[in-house]
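These are the residues of each chain, in order.
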Amino acid sequence: ASSALLVDNKTNKILYSKNENKKIFPASTTKIVTAILVLENHSLDEKVTASYDAVMSIPSGYSTADIQIEEELTVEQLLELLLVHSANDAANVLAEYAGGSVSSFVSMMNTKANELGLSNTHFTNPYGLQDDNHYTTARDMAIIARELIKHDDIFNYTTIYESYLNKPDGTSIWMVNTNKLIKYYNGLDGLKTGFTKNAGYCLTSTAKRNDMRLISVIMKEETSQKRNEETTKLLDYGFTNFEFKVLANANDKVKEVNVNKGTTSQLNA
């Protein structure tokens, strides 16, 4: 991969890195930021109506859920379509709803990036449309991932491998997760894949075993198979070579030492 990163979520310790600050196109991993802002500002049961611009402005070749103009879906349903089906029309509908317009939502995305200290990240759209000014880094994507998984509800969607989403009109959408490792890697429960011709194959993922949660980022790989293989290698490396050990608890008395020229009265002051 062009860049890669493996981070322990609890300590933020970097366990492996390659070109972590190299600016790269993120493709659909962009949707992680979209999900963060929606979860921060809206309830899952809120109802959203799709506009003409939101569903008709997706370029040919980009995945959609075939959301219809004026169709009403809940925030929760749109999040499922966003994170499982990687539906770009769902991203636009959520962006319009949360920001008032897509352009205003993009401003919110960049404000969030600044709040998180992401100096090498800039967004121009909510779903990963190819744009020279739409970029991030492996390091910044790991920070974005840490921010998303603060919302425990997110795993209700990112762990879905295959499901049907029932729509108000009686039809349903068959959703299959674009992240195949959800099904095949022990402990992996998110997060988001991405692909465009310029971005290559990307995957920001997280897995948990026992008390250790790792976040891995692979960016600009040649094939989805290599992307998955390298993600597996990164996570295997982390779970195999690292563990938590408690050296001392906060109130443990480790040792008593004499302090030269010290007095009890000063110590108690």
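Scoring rules and cut-offs
- Residues numbered from 1 in each chain as written.
- Predicted model: local features only at pLDDT ≥ 70, side-chain atom pairs only at ≥ 80, totals over all residues.
- Heavy atoms only, no water.
- Pairing = 2+ DSSP bridges.
- Helix = DSSP H or I, 4+ residues; strand = E, 2+ residues; numbered from the N terminus.
- Contact = heavy atoms within 4.5 Å.
- Buried < 20%, exposed > 50% of the residue type's maximum accessible area, 1.4 Å probe, protein only.
- Axes fitted to C-alpha atoms, helices over the stretch in contact; angles between N-to-C directions.
- Patch = residues over 30% accessible without salt bridge, like charges linked within 9 Å, V, L, I, M, F, W, Y side chains within 5 Å.
- Areas by Shrake-Rupley, 256 points an atom, 1.4 Å probe, with all protein chains shown as cover.
- Salt bridge = Lys/Arg side-chain N within 4 Å of Asp/Glu carboxyl O.
- Core = buried A, V, L, I, M, F, W, Y, C linked by side-chain atoms within 4.5 Å.
- Phe/Tyr/Trp six-rings, centres within 6.5 Å; stacked < 30°, edge-to-face > 60°.
- Lys NZ or Arg CZ within 6 Å of the ring centre and 35° of its normal.

Enquirer: Go over the pairing of strand S5 (residues 162–166) with me, naming the residues and quoting the values.
Expert: Where S5 lies against strand S6 (residues 172–176), five bridges are found, and the strand directions are antiparallel. Following the sheet pairing, asparagine 166 is matched in S6 by serine 172. Where S5 hands over to S6, the hairpin turn is made up of five residues, of which glycine 170 adopts a positive phi near 95°.

Enquirer: Explain the side chain of serine 28 residue by residue, including any values.
Expert: Looking at the element boundaries, serine 28 is found in the loop between strand S2 (14–18) and helix H1 (31–41). If we skip the residues at most four places from it in the chain, serine 28 touches Ser86, Asn88, Tyr127, Gly128, Lys192, Thr193, Gly194 and Phe195.

Enquirer: Give me the lowdown on unusual backbone geometry, citing residues and values where you can.
Expert: Comment: phi is negative for the bulk of residues other than glycine, and the bulk of peptide bonds are trans. Each neighbour pair has its own omega, and for glycine 190 with leucine 191 the value is 15°, a cis peptide bond. In this structure, leucine 191 sits in strand S7 (residues 188–196). The backbone phi angle of alanine 27 is positive, close to 50°, even though this residue is not glycine. Judged by relative accessible area, alanine 27 falls into the buried class, the value being 2%.

Enquirer: So what's going on with the sheet that holds strand S1 (residues 3–8)? Residues and values would help.
Expert: The antiparallel open sheet is built from five strands, whose spatial order is S2-S1-S9-S8-S7. The open sheet has two edge strands with one neighbour each: S2 and S7. When the angles between neighbouring strand axes are averaged without regard to direction, this sheet yields 5°. Summarising the sheet, strand S8 (residues 200–209) and strand S9 (residues 212–221) pair through eight bridges and their orientation is antiparallel.

Enquirer: Tell me about a nonpolar patch on the surface, and please be specific about residues and values.
Expert: A cluster of nonpolar side chains, Tyr52, Met56 and Ile69, forms an exposed patch at the surface whose accessible area comes to about 310 Å². Among the structural elements, methionine 56 can be located in helix H2 (residues 52–56). Looking at methionine 56, the relative accessible area reads 49%, which means it is partly exposed.

Enquirer: Can you tell me about the nonpolar core, naming the residues and giving the values?
Expert: Residues Ile67, Leu79 and Leu81 are the most contacted members of the largest nonpolar core, which totals 61 residues. Contact partners of leucine 79, with chain neighbours within four places excluded, come to Ala35, Val38, Leu39, Leu44, Leu94 and Tyr157.

Enquirer: Describe the packing of aromatic side chains, listing the residues and the values that go with them.
Expert: Applying the stated criterion across every chain, the model contains three aromatic pairs. Considering the side-chain rings of phenylalanine 195 and tyrosine 201, the 4.2 Å spacing of their centres and the 25° angle between planes classify their relative orientation as stacked. Judged by its relative accessible area of 22%, tyrosine 201 is partly exposed. When the centroid spacing of 5.7 Å and the interplanar angle of 80° are considered together, the rings of tyrosine 237 and phenylalanine 242 count as edge-to-face. Residue phenylalanine 242 is classed as partly exposed on the basis of its relative accessible area of 27%. Sitting above the plane of the phenylalanine 244 ring, lysine 10 keeps its charged end 4.3 Å from the centroid.

Nothing here speaks to function; it is all geometry.
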